[in-house]
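The residues making up each chain are set out below.
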Amino acid sequence: MARIRFDFGTLTLEAELLDTPTARAVAAALPISSSAMTWGEEVYFEVPVKVATEGDARAVVVPGEIAYWPDGHCIALGFGRTPISQGDETRLASPCNIFAAALGDVKALAKVRAGAKVQISKVEVTKVG
């Protein structure tokens, strides 16, 4: 599957897209520029993508799962506790579509500040052999 890159200027994170309607919609909209917002240990940002909540959408995610928040038309990168987490879970505001898996350490997102610019682009993967 295809890869995408989130570039926050001082930090980049690559992710592998899953085979979902949301992943295809996000890929079709790239490249995207946005402005980061934070909510506890979550970085999220608006994107020009509007897709419905998928059947397997959920609010509790595993750090490294990259989600699309249908209620806010945002990509959400949860990497720890949010204000509504119970225990050590990563709980997003409402059910989200999981559309990609991070290939790096999402805990590094703790350095991202609200207002930071983010560029989302496709990554060209070269095959060896």
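Time to look at the overall build of the chain. Along the chain, the regular secondary structure elements total one helix and 10 strands. Mapped in sequence order, the helices and strands of the chain form the string β-β-α-β-β-β-β-β-β-β-β. Here the C-alpha radius of gyration of the chain, 14 Å, is about what a compact globule of 129 residues would show, namely 14 Å. In terms of overall dimensions, the chain has C-alpha extents of about 45 × 35 × 30 Å along its principal axes. For the chain, with 129 residues in total, the buried portion stands at 45%. Considering only contacts in the chain between residues 6 or more positions apart, those separated by 24 or more positions represent 73%. Just so you have it, the chain exposes about 6700 Å², and 52% of that area is on carbon and sulfur atoms. Computed over 13 positive and 15 negative side-chain charges, the inter-centroid distance for the chain is 4 Å.

Our next topic: the side chain of Ser85. The topology assignment puts Ser85 in the loop between β8 (74-78) and β9 (90-102). Within the local environment of Ser85, its side chain forms a polar contact with the backbone nitrogen of Thr82, the two atoms lying 2.8 Å apart. Separated by 3.4 Å, the side chain of Ser85 and the backbone nitrogen of Arg91 make a polar contact. In contact with Ser85, other than residues within four places in its own chain, are Gly80, Thr90 and Arg91.

For the rest of this paragraph, the subject is the nonpolar core. Ranked by size, the top nonpolar core spans 30 residues in total, and within it Phe6, Phe8, Phe45, Ile66, Ile75, Phe99 and Leu109 carry the most contacts. The contact partners of Phe99, leaving out residues within four places of it in the chain, are Ile4, Glu16, Leu17, Leu18, Thr20, Thr22, Ala23, Val26, Ile66, Ala67, Tyr68 and Ile75. Formed by eight residues, the second largest nonpolar core is a distinct cluster that contains Tyr44, Val61, Cys96 and Ile98.

A few words on the pattern of salt bridges. Counted under the stated rule, the structure contains four salt bridges. For Glu14, the salt bridge is made with Arg5, and the minimal N-O distance between the two is 2.5 Å. Judged by its relative accessible area of 22%, Glu14 is partly exposed. Linking Arg24 and Asp19 is a salt bridge whose minimum nitrogen-to-oxygen distance equals 2.4 Å. The exposed category is assigned to Asp19, whose relative accessible area is 60%.

Calculation rules
Residues numbered from 1 in each chain as written. Predicted model: local features only at pLDDT ≥ 70, side-chain atom pairs only at ≥ 80, totals over all residues. Heavy atoms only, no water. Helix = DSSP H or I, 4+ residues; strand = E, 2+ residues; numbered from the N terminus. Rg over C-alpha atoms; globule rule 2.2 N^0.38 Å. Buried < 20%, exposed > 50% of the residue type's maximum accessible area, 1.4 Å probe, protein only. Contact = heavy atoms within 4.5 Å. Areas by Shrake-Rupley, 256 points an atom, 1.4 Å probe, with all protein chains shown as cover. Lys, Arg positive; Asp, Glu negative; His and termini not counted. Charge placed at Lys NZ, Arg CZ, Asp CG, Glu CD. Polar contact = N/O pair within 3.5 Å; in protein donor to acceptor, adjacent residues only side chain to side chain. Core = buried A, V, L, I, M, F, W, Y, C linked by side-chain atoms within 4.5 Å. Salt bridge = Lys/Arg side-chain N within 4 Å of Asp/Glu carboxyl O.

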